[in-house]
Amino acid sequence: MNSLSAGSGMDRRAIAAASVTVVLWASAFVSIRASADYFEPGALALGRLVTGSVALVCLLLLKGGGVPPRKAWPGIAGSGVLWFGVYMVVLNWGEQLVDAGTASMVVNVGPMVVALLGGWFLKEGFPPLLLAGMAVSFAGAVVVGFSSSSGGSSSLLGIGLCLLAAVAYGAGVVLQKPALRHGTPMQVTTYGCVIGAVACLPFSGQLVSDLGDAPLSATLNMVYLGLFPTALAFTTWAYALSRTTAGKMGATTYAVPAVVILISWIALDEVPGWVTLLGGAICLSGVAVSRMRGFRRGGPATTVAPAPEPGTAPEATPETAG
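Residues numbered from 1 in each chain as written. Predicted model: local features only at pLDDT ≥ 70, side-chain atom pairs only at ≥ 80, totals over all residues. Heavy atoms only, no water.

Asker: Any details on the overall build of the protein chain? Residues and values, ideally.
Answerer: Counting its secondary structure elements, the protein chain contains 13 helices and zero strands. Listed N to C, the secondary structure of the protein chain is α-α-α-α-α-α-α-α-α-α-α-α-α in terms of helices and strands. The buried share of the protein chain, reckoned over its 322 residues, is 52%. Sequence-distant contacts in the protein chain: of pairs separated by 6 or more residues, those separated by 24 or more amount to 88%. When the accessible area of the protein chain is evaluated, it comes to approximately 13,600 Å², of which 70% is carbon and sulfur surface. (Helix = DSSP H or I, 4+ residues; strand = E, 2+ residues; numbered from the N terminus. Buried < 20%, exposed > 50% of the residue type's maximum accessible area, 1.4 Å probe, protein only. Contact = heavy atoms within 4.5 Å. Areas by Shrake-Rupley, 256 points an atom, 1.4 Å probe, with all protein chains shown as cover.)

As structure tokens, this is what we get:
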């Protein structure tokens, strides 16, 4: 494994993987909104997960990925149901009631859930710079969300559903992290996606009905969600997560609202106002703060040990910073 970057606590390939995840997940918010008029929330989640599962299983078979060891399955099953299943259904439902900017802002409560649960259950601790970066980025996410919100379109139900999605996302990440100590990122992502698809099978009837009525563009949009924001982005996420803490990876997604605005600008010709741009800049600044490594008086800060390879025992001492 490459040595870790001193400023980020992640190697360069992991940083690149996390960046791909952020961009593709941001595009998902826009794509979900574009599909909301043609697919019910559960149907869209099932179609997305089935598409992603087929792609991931084919890739796993080609690479000879095999089946993860028994110790990985509790985390895979938990993250599969909560993150791939519950998260996608309630997020789709929430985005039928609130706009993409508001949804991305509310879902960004998720990284706080990740950091808190990770610090508690995964013994990652609560580095001051991580907490400070989260606070800065959340403030930026609030600015982005409210600046792009169209007032009356926001409903209590929609906000509540996005909050539920955030909790499911946070819990799913914390469950996935231990699984990556035993299985490869490809295994954990593939089987998690398959479990999520199985959990969404009760929506099969809705999916068949919606596919018969939806235009080709909406169906292709659903396929895009399955191939890229799901199959590719969740794999790059797991790769990066296996090489850093859940808290730091959760903080990375605070950049998503800013990218959502940029994609909406390019794809929908919606020029963001200066307040929106300011919020996006604050989001990115917070991510930068969370990636910084503090310094002790009289010496450098504690270095971050590389994450254990799948199948090996984890390090006894969790990452510390600040």
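Asker: Break down empty space enclosed by the protein for me, with residues and values.
Answerer: As enumerated under the stated definition, the model contains three cavities of 30 Å³ or more in all. Within this model, the largest cavity holds a volume of roughly 200 Å³. Forming the boundary of the largest cavity are 14 residues, of which W25, F29, Y87, V107 and V256 lie nearest the centre. Put simply, the parts of the chain that give the lining of the largest cavity at least two residues each are α1 (12-35) and α3 (73-94). A per-class count over the lining of the largest cavity returns eleven nonpolar, two polar and one charged. (1 Å grid on protein atoms, 1.4 Å probe; cavity = no way out; pocket = protein on both sides within 12 Å on 5 of 7 lines; lining within 4 Å. Points joined across faces, edges and corners; volume = space filled by probe spheres on them. Nonpolar A, V, L, I, M, F, W, Y, C, P; charged D, E, K, R; others polar.)

Asker: A description of the nonpolar core should follow, citing residues and the corresponding values.
Answerer: F29, W83 and Y87 are the most contacted members of the largest nonpolar core, which totals 63 residues. Of all the elements in the fold, those that place two or more residues in this core are α1, α2 (41-63), α3, α4 (100-107), α7 (156-179), α8 (185-199), α10 (216-241) and α12 (256-268). For this core, the element with the most residues is α10, which contributes nine residues. Not counting residues up to four positions away in its chain, the partners in contact with W83 are W25, G78, M88, A168, Y169, G172, V173, Q176, F234 and W237. (Core = buried A, V, L, I, M, F, W, Y, C linked by side-chain atoms within 4.5 Å.)

Asker: Kindly report on the side chain of S31, identifying the contributing residues and their values.
Answerer: In this structure, S31 sits in helix α1. Classification of S31 as buried rests on a relative accessible area of 9%. Not counting chain neighbours up to four residues away, the residues in contact with S31 comprise N221, Y224 and L225.

Asker: Please provide a residue-by-residue account of a nonpolar patch on the surface, values included.
Answerer: A cluster of nonpolar side chains, namely V20, L227, F228 and L232, defines an oily patch on the protein surface of about 290 Å² accessible area. Counting residues per element, the nonpolar patch draws most heavily on α10, which supplies three residues. (Patch = residues over 30% accessible without salt bridge, like charges linked within 9 Å, V, L, I, M, F, W, Y side chains within 5 Å. Salt bridge = Lys/Arg side-chain N within 4 Å of Asp/Glu carboxyl O.)

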